[in-house]
Amino acid sequence: MFTSEFNPVHCIEGKKLQLQCAVYSEDIHVEWFKDNTKMDQNEDLSIECEGTNRCLTIQHAKMSDAGQYTMVARNVLKYIPVTVKAMLCSDLNPILCIEGEKLQLKCSVYSDDIDVEWLKDEKKIEQNDNTLIENKGRYHCMTVQHAKLSDAGQYIIVAENVQKYITVTVQAMFTSEFNPVNCIEGEKFKLKCSVYSEDIFVKWLKDNTKIKQNENLSIESNGLYHCLTVLDAKLWDAGRYTMIARNVQKHITVTVQAFVEKDLWDQIKRYSRRYQLNSILSTAIKNIQTVDDYDKFEAIVVQCYPIIRLQTPNNDSDHPPNNNLIPVDRNTEKQIIANRELLEKELYPKDYIDGFLEWFILSLEDHEALRNKEHLRKQMAHSFLKTILQPDCIGKNQ
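Looking at an unreviewed UniProt entry, one finds the chain named OBSL1 and attributed to Mytilus edulis.

Bringing the overall build of the chain into the picture now. On a plain count of helices and strands, the chain comes out with seven helices and 24 strands. Per-residue burial for the chain yields a buried fraction of 41% across its 398 residues. For the chain, long-range pairs separated by at least 24 residues make up 62% of all intrachain contacts whose partners lie at least 6 apart in sequence. When the accessible surface of the chain is summed, it comes to about 23100 Å², and 46% of that surface belongs to carbon and sulfur atoms.

The next thing to look at is the sheet that holds strand β10 (residues 103–108). Within the open sheet, the three strands sit side by side as β10-β14-β13. Their pairing is antiparallel. Looking at which strands have only one partner, the edges of the open sheet turn out to be β10 and β13 (131–136). Across the sheet, the axes of successive neighbouring strands diverge by a mean angle of 10°, strand direction being ignored. As paired elements, β10 and strand β14 (residues 139–144) share six bridges and run antiparallel to each other. If you follow L103 over to β14, its bridge partner there is V144.

Turning our eyes to something else, we now look at the packing of aromatic side chains. Counting across every chain of the model gives three aromatic pairs. Measuring from ring centre to ring centre gives 5.4 Å for F174 and F178, while their planes differ by 85°; the resulting arrangement is edge-to-face. Where F189 meets Y241, the ring centres are 6.3 Å apart and the plane angle is 75°; that geometry is what we call edge-to-face. In this pair, F189 sits in strand β18 (residues 189–194) while Y241 sits in strand β23 (residues 239–245), placing the two residues 52 residues apart along the sequence. The pair formed by F189 and Y241 is uniform in burial state, with each residue classed as buried.

What follows deals with the confidence of the model for the chain. Fine structural detail should not be taken from predicted coordinates in areas where pLDDT scores are low. Summary statistics for the chain give a mean pLDDT of 76 and a share of 65% for residues scoring 70 or more. Long-range and interchain partners of residues 304–363, a stretch whose pLDDT sits below 50, account for 117 contacts in this model, where long-range means more than four residues apart.

With that settled, consider the sheet that holds strand β8 (residues 76–85). The five strands lie next to each other as β1-β8-β7-β3-β4, forming an open sheet whose pairing is mixed. This sheet does not close on itself; its edge strands, each paired only once, are β1 (9–12) and β4 (37–38). Bridge count between strand β3 (residues 30–34) and strand β7 (residues 67–73): five bridges; the pairing is antiparallel. When the sheet's bridge partners are listed, W32 is paired in β7 with M71.

Right, let's talk about the side chain of H140 for a bit. Assignment of secondary structure puts H140 in strand β14. What makes H140 buried here is its relative accessible area of 7%. Once residues lying within four places of it in the same chain are set aside, the contact partners of H140 are L105, K106, C107, V109, I114, V116, W118, E134 and N135.

A few words on the nonpolar core. The biggest cluster of nonpolar side chains holds 24 residues, and the ones touching the most others in it are F174, F189, L191, V202, W204 and V254. Every element with two or more residues in this core is listed here: β17 (181–184), β18, β19 (202–206), β22 (225–230), β23 and β24 (248–257). Per element, the largest residue contribution to this core is four residues, and it comes from β24.

Moving on, we come to the pairing of strand β15 (residues 153–159). Extensive coverage of β15 is indicated by the burial of six of its seven residues. Of the strand pairs in this sheet, strand β11 (residues 116–120) and β15 are connected by five bridges, and their pairing is antiparallel. What sits directly across from E117, in β15, is V158. In this structure, the hairpin formed by β15 and strand β16 (residues 162–171) is closed by a connection of two residues, where E160 is found at a positive phi of approximately 55°.

What follows concerns the pattern of salt bridges. Opposite charge on two side chains makes pairing possible when the charged atoms of those side chains draw close. This structure, assessed with the given rule, holds eleven salt bridges. Note that D35 and K34 form a salt bridge whose closest N and O atoms lie 2.9 Å from each other. Judged by relative accessible area, which is 44%, D35 ranks as partly exposed. Here K34 falls in the buried class, since its relative accessible area comes to 16%. When the shortest N-O distance is used, the salt bridge between D207 and K206 registers 2.8 Å. A residue is classified by how much of its surface remains accessible, and D207, at 43% relative accessible area, is partly exposed. Residues joined in a network through salt bridges with shared partners are E101, D199 and R246.

The topology assignment puts S25 in the loop between β2 (17–22) and β3. Residues S25 and T52, spaced 27 residues apart in sequence, show a C-alpha to C-alpha distance of 5.8 Å. One polar contact links S25 to D27, side chain to side chain, over a distance of 2.4 Å.

Before going further, it helps to spend a moment on the pairing of β3. For β3, a buried count of four out of five residues is recorded, marking the element as mostly surrounded by other parts of the structure. Bridge analysis of β3 against β4 gives two bridges, and the strand direction is antiparallel. Considered in β4, the bridge of K34 is made with T37. The hairpin formed by β3 and β4 contains two residues between the paired strands, and D35 there has a positive phi angle of roughly 50°.

Parameters and conventions
Residues numbered from 1 in each chain as written. Predicted model: local features only at pLDDT ≥ 70, side-chain atom pairs only at ≥ 80, totals over all residues. Heavy atoms only, no water. Helix = DSSP H or I, 4+ residues; strand = E, 2+ residues; numbered from the N terminus. Buried < 20%, exposed > 50% of the residue type's maximum accessible area, 1.4 Å probe, protein only. Contact = heavy atoms within 4.5 Å. Areas by Shrake-Rupley, 256 points an atom, 1.4 Å probe, with all protein chains shown as cover. Pairing = 2+ DSSP bridges. Axes fitted to C-alpha atoms, helices over the stretch in contact; angles between N-to-C directions. Phe/Tyr/Trp six-rings, centres within 6.5 Å; stacked < 30°, edge-to-face > 60°. pLDDT = per-residue confidence, 0-100. Core = buried A, V, L, I, M, F, W, Y, C linked by side-chain atoms within 4.5 Å. Salt bridge = Lys/Arg side-chain N within 4 Å of Asp/Glu carboxyl O. Polar contact = N/O pair within 3.5 Å; in protein donor to acceptor, adjacent residues only side chain to side chain.

The following block contains the structure:
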């Protein structure tokens, strides 16, 4: 029935696979089976006959095309074993890489003359400063010098008509988020990060300059966690901070907002010192005894804060008593001392202003009027603060 020989066939994956036979008469129909399953034509498989010759062709052989093929002509069966050799000879297992470290994909092909192309997400990979593609005989390698998180994905190795896939996962070097930091001048701020392994050293930079520890700045690490602390933020501490772990850099933008005092006590807490308070208050107690002394005190305050105008004592007996300032005596001195102690115990500043400036400088009538004028009280608070900040403005016997 069959007039041809039936020898084993060896094929390379991706190449054309052909099985041929001949029968004694042109009118003999031949059916083809693989592993007892009848084969029909499709886009990749064709069955042809020409005279007494019969041929089955697979355009691009796959590894699954290996097996035993059977030719049936009437009641006669013949067999041909087919072996398909892999185009790519190496195992292609998933790869886990760490951000910033070297990423290498390797493969080997069955012959030295086979070209290999590398693709990622269906796009051909070209060589660049960070990516090297090389081959040596049957062995091919693609190297990414410093892996980025975006290098994760599915890679395709193409050798002639064969495609193989490798899944690459890139683990982040830094496992924390990096959000902008906002703080107010004088406050503490911290920059924190965590890395994937305890043996990772983190270097800190600000505006591309390495940061060194000092009295106001500390750098700490505890296992995976790293922290930079600035105890008293200055305006110049604002900027771009960089954390470097091996070859990976991350950035945090720090904004330092200028401190704006809301009232007298905010400013006193921020700037004053006990000796400054003692200086200004004790000078007032010892030296302000006459109208001229009040004028001098007023002149100093006006110099510091020009829009303020203070009333000086009026000792003219022709004026009603309620227009006079309370004379400086032991009671007034006790009042001032008491207010100083209250201030040092962090009493609310308006109580201090009422107790010192209003009682000491204003008449009783103006004192009552001022209580209903919030903006004037704030002005007086700021005026007095500026005097406190310049204790040398008032000296003894001035």
